[in-house]
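# Inside the fold
Residue strings, one per chain:
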Amino acid sequence: MSRYDRWNAILELLSQEGRLTVEEAAQQLDVSTATIRRDFDQLAQQQMLMRTRGGAVAQSVSYDLPLRYKTARHADEKQRIAAAAAELVQPGAVVGMNGGTTTSELARTLATQAALESGFTIVTNALNIAAELTVRRHVKIVVTGGVARQQSYELIGPLASGVLDQVTMDVAFLGVDGLDVALGASAHHEGEAAVNHQLISRAAQVVVVADSSKIGKRAFSRICPIGQIDTLVTDAQLPDAVTTTLTEAGVKVIRA
């Protein structure tokens, strides 16, 4: 297991348990206690956790981890979701996309689709998506303005309005931190939520891409009500009862 894989696993355990001892983490990850102590110290330096005597406790930031620490979560599900969502894009389409691990996986999938080799456009506030796809000649990249947020690589703030006010999109894919029938789609950060709301307001169709762990959850800031979402693409683990509730609310559910 690489260092980053261990860090992902440690932060995942902390987000679930709230507290870990060195011995517990070493046993769970099958590594030495010396390795775990070093990992705890290095993560504490990055303010990803708080060191305690003999262990560590979660920082509030652990519930909104930087993108580089989220990539290992539900990786197989995200790939299946991306493959299913990519089928909703037609050649020549203008596609909106916010930041996040699922939308990043979708961007990679779209860029390699043979059916889209004639070209399409992506409008995004995610710097990592723009940087990764710029080398693809058949993909036109439009990036919003704004101030970069280190947690998600997303551009946020009023500078994003200048671009978004002047474009329209065929479909916007929205990564979320929570999706609840009563609240709608939500994000941990209010700046991201505001730009995401504006992004989807310019699209003819709004598609949420999220693994089932996000469904039924609420995050701090609302992006949009459930009535503004046309489709949810999620994984097969979503319970039938939740699927029925979303369908009754007017959301088409695709379980990949």
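Let us look at the structure shown here. Residue indices begin from 1 for each chain and proceed along its sequence in written order. Only residues with pLDDT of at least 70 get local features here, since the model is predicted, and only at 80 or more are side-chain atom pairs given and counted; chain-wide, interface and lining totals rely on the full set of residues. For the side-chain quantities, the full set of heavy atoms in the structure was used; hydrogens and water were omitted.

## Looking at the overall build of the protein
A tally of regular secondary structure across the protein gives 10 helices and 15 strands. Our radius of gyration is a C-alpha quantity, and the globule rule it is checked against amounts to 2.2 Å times the number of residues to the power 0.38. Radius of gyration (C-alpha) of the protein: 19 Å, near the 18 Å computed for a compact globule of 256 residues. Total accessible area on the protein stands at roughly 11900 Å², and carbon and sulfur atoms take up 48% of it. Asp and Glu count as negative and Lys and Arg as positive, but His and the ends of the chain are not part of the count. Where a charge sits is defined by one atom per residue type, namely NZ (Lys), CZ (Arg), CG (Asp) or CD (Glu). Charged side chains in the protein number 24 positive and 27 negative. The centres of these two groups are separated by 5 Å. Secondary structure elements are taken from DSSP: a helix is a run of H or I of four residues or more, a strand is a run of E of two residues or more, and numbering for both begins at the N terminus. All accessible-area figures derive from a Shrake-Rupley calculation using a 1.4 Å probe, and residue coverage is judged against the displayed protein chains alone.

## Comments concerning the environment of Gly96
Structurally, the position occupied by Gly96 is in strand E4 (residues 94-97). Those residues in contact with Gly96 that lie beyond four places of it in its chain are Val123, Met169, Val171, Ala172, Phe173 and Leu199. Contacts are residue-level and defined by heavy atoms, with any inter-residue pair within 4.5 Å sufficient.

## Some points on the environment of Leu43
Tracing the backbone through its elements, the reader meets Leu43 in helix H3 (residues 33-45). Separated by 27 residues in the primary sequence, Leu43 and Gln16 place their C-alpha atoms 17 Å from one another. Apart from residues no more than four positions distant in its own chain, Leu43 is found in contact with Trp7, Ile10, Leu11, Met48 and Leu49.

## Re the pairing of strand E9 (residues 169-174)
Of all the 6 residues making up E9, 5 are buried; the element is thus mostly covered by neighbouring parts of the structure. Only strands joined by at least two bridges in the DSSP assignment are considered to pair. Note that E4 and E9 share 3 bridges and pair parallel. Residue pairing across strands places Val95 opposite Val171, the latter belonging to E9. Inspection of the sheet shows E9 paired to strand E12 (residues 203-209) by 5 bridges, in the parallel sense. Counterpart to Val171 in the pairing with E12 is Gln205. Accessibility here uses a 1.4 Å probe with only protein chains present; expressed as a share of the type maximum, an area under 20% marks a residue as buried, one over 50% as exposed, and anything in between as partly exposed.

## A look at the pattern of salt bridges
Salt bridges are identified by distance alone: a Lys or Arg side-chain nitrogen within 4 Å of an Asp or Glu carboxyl oxygen. Counted by the stated rule, this structure contains 8 salt bridges. A salt bridge links Arg51 to Asp41; its shortest N-O distance comes to 2.8 Å. Of the two residues, Arg51 is situated in strand E2 (residues 49-52) and Asp41 in helix H3; the sequence distance between them amounts to 10 residues. Of the charged contacts in the structure, one is a salt bridge between Arg149 and Glu192, with a shortest N-O distance of 2.7 Å. You can see Arg149 sitting in strand E7 (residues 147-149) and its partner Glu192 sitting in helix H9 (residues 190-201), a full 43 residues away along the chain. Three or more residues joined by partner-sharing salt bridges are found here, namely Glu105, Arg108 and Glu132.

## Re the pairing of strand E11 (residues 184-187)
In this structure, strand E10 (residues 178-180) lies alongside E11, joined through 3 bridges in antiparallel fashion. Within E11, the residue paired with Gly178 across the bridge is Ser186. Linking two consecutive strands that pair antiparallel, namely E10 and E11, is a turn of 3 residues. Bridge analysis of E11 against strand E13 (residues 221-224) gives 3 bridges, and the strand direction is antiparallel. Within the sheet, the bridge partner assigned to Ala187 lies in E13 and is Ser221.

## So, the sheet that holds E13
The pairing of strands in a sheet happens through backbone hydrogen bonds and is either parallel or antiparallel. Strand order in this open sheet of 3 strands is E10-E11-E13, and the pairing throughout is antiparallel. Whereas interior strands pair on both sides, the edge strands pair on one side only; in this sheet they are E10 and E13. In this sheet, adjacent strand axes meet at a mean angle of 35 degrees when their direction is disregarded. Angles run from 0 to 180 degrees between N-to-C directions of axes, and those axes are lines fitted to C-alpha atoms, restricted for helices to the stretch in contact.

## Details of helix H2 (residues 22-29)
Burial in H2 covers these residues: Val22, Ala25, Ala26 and Leu29. One face of H2 carries all of its buried residues, which in axial projection span an arc of 100 degrees. Looking at H2, the residues exposed on the side facing more than 90 degrees away from the buried face are Gln27 and Gln28. Buried residues belonging to H2 abut helix H1 (3-17), strand E1 (19-21), H3, E2 and strand E3 (55-58). Think of the arc as the fan of directions from the helix axis to the C-beta atoms.

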